[in-house]
Amino acid sequence: MTEVAHLVLARKYRPRVFKEVVEQGLAVTALKNAADHGRIGSAYLFSGARGTGKTTIARILAKRVNCLNPKDSEPCCECESCVSIQNGSSLDVQEIDAASNRSIDNIRDLRENVKFQPMNAKRKVYIIDEVHMLTPEAFNALLKTLEEPPEHVLFVLATTELNKIPETILSRCQTFAFRKVPLNILQNHLKDICNREKIKAEDEALFWIARRGDGSVRDSLSFLEQSITYTEGNVTTGKVKELIGALPLDLYLGLIQMLLDPKTKFPDLVEPVHRRFDEGADLRRFIWDFLDLLRALSHVLHGVERPEFVGLPPTDIARLKEAFASADPARIQVIFDAVHNIMTRAQTLRLENSYETRVLIEMELLRLHEKLGRPSLSFVLRRLDRLANAIDQGIPFSTEDEIQKTFLGTMVDPSTVPVLEQ
Ligand SMILES: [Zn+2]
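The structure presented is a predicted model; accordingly, all values stated were derived computationally and were not measured. (Residues numbered from 1 in each chain as written. Predicted model: local features only at pLDDT ≥ 70, side-chain atom pairs only at ≥ 80, totals over all residues.)

What follows is about the overall build of the protein. Per the secondary structure count, the protein includes 21 helices and 7 strands. Split into buried and exposed, the 422 residues of the protein put 32% on the buried side. (Helix = DSSP H or I, 4+ residues; strand = E, 2+ residues; numbered from the N terminus. Buried ≥ 20, exposed ≤ 12 C-beta atoms within 10 Å, placed from the backbone.)

Reading across the sheet, the 5 strands line up as E2-E3-E4-E1-E5 and stay open at both edges, with parallel pairing between neighbours. Every other strand in the sheet has two partners, leaving strand E2 (93–97) and strand E5 (174–178) as the edge strands with one partner each. Averaged over neighbouring strand pairs, the angle between their axes works out to 15 degrees when direction is ignored. Strand direction decides the pairing type here: E2 and strand E3 (residues 124–129), joined by 5 bridges, are parallel. Paired with Ile96 across the bridge in E3 is Ile128. (Pairing = 2+ DSSP bridges. Axes fitted to C-alpha atoms, helices over the stretch in contact; angles between N-to-C directions.)

Before going further, it helps to examine the pairing of strand E1 (residues 43–48). Across the 6 residues that make up E1, a large majority, 6, are buried. Alternating residues of E1 divide into Ala43, Leu45 and Ser47 and Tyr44, Phe46 and Gly48, and every residue in both groups is buried. As defined by bridge partners, E1 adjoins E5 across 5 bridges and the pair is classed as parallel. Among the inter-strand pairings, Ser47 is bridged to a residue of E5, identified as Ala177.

Next up on the list: the environment of Leu45. Tracing the chain through its elements places Leu45 in strand E1. Residue Leu45 is classed as buried on the basis of its 22 C-beta neighbours within 10 Å. Separated by 111 residues in the primary sequence, Leu45 and Val156 place their C-alpha atoms 5.8 Å from one another. Residues contacting Leu45, with those up to four places away along its chain left out, are Leu157, Ile165, Leu170, Cys173 and Thr175. (Contact = placed C-beta atoms within 7 Å.)

Moving on, we come to the packing of helix H3 (residues 25–36) against helix H4 (residues 54–66). Packing of H3 against H4 brings their axes to within 11 Å, and their N-to-C directions diverge by 15 degrees. Taken as axis vectors, H3 and H4 run roughly parallel relative to one another. As H3 runs across H4, the sense of the crossing is right-handed. Residues Ala27, Val28, Leu31 and Ala35 of H3 form the contact with H4, whose participating residues are Ile57, Leu61, Arg64 and Val65. A breakdown of the residues in the contact of H3 with H4 according to their chemical character gives 7 nonpolar, no polar and 1 charged. (Parallel < 35°, antiparallel > 145°, perpendicular 65-115°, else oblique. Left-handed = near helix turned anticlockwise from the far one by under 90°. Nonpolar A, V, L, I, M, F, W, Y, C, P; charged D, E, K, R; others polar.)

Two measures define how a pair of helices packs: the angle their axes make with one another and the distance between the axes. Between helix H9 (residues 183–197) and helix H11 (residues 217–230), the shortest axis-to-axis distance is 11 Å and the interhelical angle comes to 45 degrees. When the axes of H9 and H11 are compared, the pair comes out oblique. Note on packing geometry: the crossing formed by H9 with H11 is right-handed. Between H9 and H11, the residues in contact are Leu186, His189 and Leu190 and Val217, Ser220 and Leu224, respectively. For the contact of H9 with H11, a count of residues per class yields 4 nonpolar, 2 polar and no charged.

Here it is as structure tokens:
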């Protein structure tokens, strides 16, 4: 499928007025109020992750300031000005992609252009996307215009990298930070669109699509579009997980259980890694997903159960709770630290080769399994404490019984008692 086909929904449902914008209430309210009171400034800077609505709101603002019949603080979308801006034919609203127009010459042209009065509109609007891409010279040239802007001009600068914008530019702009759209809001938005499009979609499938969209409305809609095509219009959880390569939950749950079980044999422990390797999966992604799941598990064990926070749908959260009801969060933390260590080492060693990554993972899992099999220092101290209490209170005990009860629950061959080491 082509890129263009992916964008049909994103284009169809691109907000045309402020009230259709998903999230970003702060920026929307401030801009509406300013427009209502005729107090739109000469330069704005919108910063935030991709697909959060920066250029969408810039276009709505351009329509609003030039609309001939604004209604309830919104552009009418019907007058000559609104229509020409919507179909991209307005000579007074220019969108510039700074990624491909980053030189001083581009900005010089713009400075020349700025001087002229608008052709038809009240304000000339320049929307400069990815403005952080401008060269230092181009920024300087832009700054001169921002310092003495003609009254008829409105600049809207948009960037995904606020830290790369010079302080001098920032001080000339009113800045709005656009936040990533929360998962539950994205999921509801997708559901709403599916209803309007009469597409059957499971809630959990939409959860995974929204999660993959990572706060971006545009990306979420693009994944929804792909999912609709892939599932032939019946968007089920299984198919969607296949398509977007969602977390193989069973595989990781099995792996954690094996790590926690001292009786696990080495070949069983590394089997999931082999399987993923044979399937041609990216093992660095394998480590990252594992880390992601351990984070989720850790939150669940600490009583956090909000799907949008944990990053898993309610059914999976319930499964984690059930499977690890008696697990010690401290041991999950040990696994998390070890897996994090694997990731850091894979990065430091610049392991591009999947085979090398596989060897590293296998060895670390083995080491981790051994470590988890040993009693922890706090565990031993607790036991000693119990023993001391028993002596104080004159309760009869035998060392062998204690070891038997506390460590293994079976008869002990003294030569197999684990080495105490932290
Ligand atoms: Zn209008």
